[in-house]
Structures are given as structure tokens and as C-alpha cells.
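# Breakdown of the fold
One letter stands for each residue in the lines below.
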Amino acid sequence: MESRAIRSVRQYLDAHAANLERAVRLEEKAERLEEAGIPSESARNRAERARGEVVPGLVALRASFLETT
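This text gives an overview of the structure that appears in the document. (Residues numbered from 1 in each chain as written. Predicted model: local features only at pLDDT ≥ 70, side-chain atom pairs only at ≥ 80, totals over all residues. Heavy atoms only, no water.)

Next up on the list: the environment of Ser 8. Assignment of secondary structure puts Ser 8 in helix H1 (residues 2-15). By relative accessible area, which is 19% here, Ser 8 ends up buried. C-alpha separation for the pair Ser 8 and Phe 65, spaced 57 residues apart in sequence, amounts to 9.4 Å. Ser 8 has contacts with Leu 61 and Phe 65, leaving out every residue within four places of it along the chain. (Helix = DSSP H or I, 4+ residues; strand = E, 2+ residues; numbered from the N terminus. Buried < 20%, exposed > 50% of the residue type's maximum accessible area, 1.4 Å probe, protein only. Contact = heavy atoms within 4.5 Å.)

Time to look at the nonpolar core. Counting eleven residues, the largest nonpolar core consists of Tyr 12, Leu 20, Ala 23, Leu 26, Ala 30, Ala 43, Ala 47, Ala 50, Val 54, Leu 61 and Phe 65. Contributions of two or more residues to this core are made by helix H2 (17-35) and helix H3 (41-68). Ranked by the residues each element gives to this core, the list is headed by H3, at six residues. Apart from the residues lying within four places of it in its own chain, the contact partners of Ala 47 are Leu 26, Glu 27 and Ala 30. (Core = buried A, V, L, I, M, F, W, Y, C linked by side-chain atoms within 4.5 Å.)

This part covers the side chain of Arg 44. You can see Arg 44 is positioned in helix H3. Residues contacting Arg 44, with those up to four places away along its chain left out, are Glu 27, Ala 30, Glu 31, Glu 34 and Arg 51.

Below you can see the structure in the form of C-alpha cells.
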């Protein structure tokens with residue numbers, strides 16, 4: 001079971017690497033701006049949209065493991 005989980009997560013990460021990296025990059029940018037005292041609503045919105053594109057896939061991956069156990 002553990003090897004199946006590892007394999008599935010790796011496949012997911014490989015297939016969605018660009019979206020995951022984009023979400024992380026945009027979140028970090030929004031945080032840097034806020035810490036610098038230059039909050040940007042547009043940067044925060046882009047980060048939230050990018051996260052919104054990634055989260056459903058991760059939730060589905062998690063659900064697939066719960067169904068099999």
C-alpha cells in the first residue's frame with residue numbers, strides 16, 4: 001500500500017509540477033510584498049487562484065487513497 005501511495009503521489013507531482021510550482025511561487029511573492037509593507041491585492045488574488053487550481057487535484061488524490069483503504 002505504501003509503495004502504491006508513493007507511486008501515485010510521484011505521478012501526480014510529475015504531471016502537475018508546473019501548477020504546484022506556480023502556486024508556491026505566487027504565494028511566496030504575495031507574502032514577500034506583505035512583509036515589505038506593500039500588500040498587493042492582485043498578488044494575493046493570483047496566489048489564491050493558483051492554489052484553487054491545485055487543491056482540488058490533491059483532494060481527489062487523497063480521496064482515492066481513502067476509498068482503497
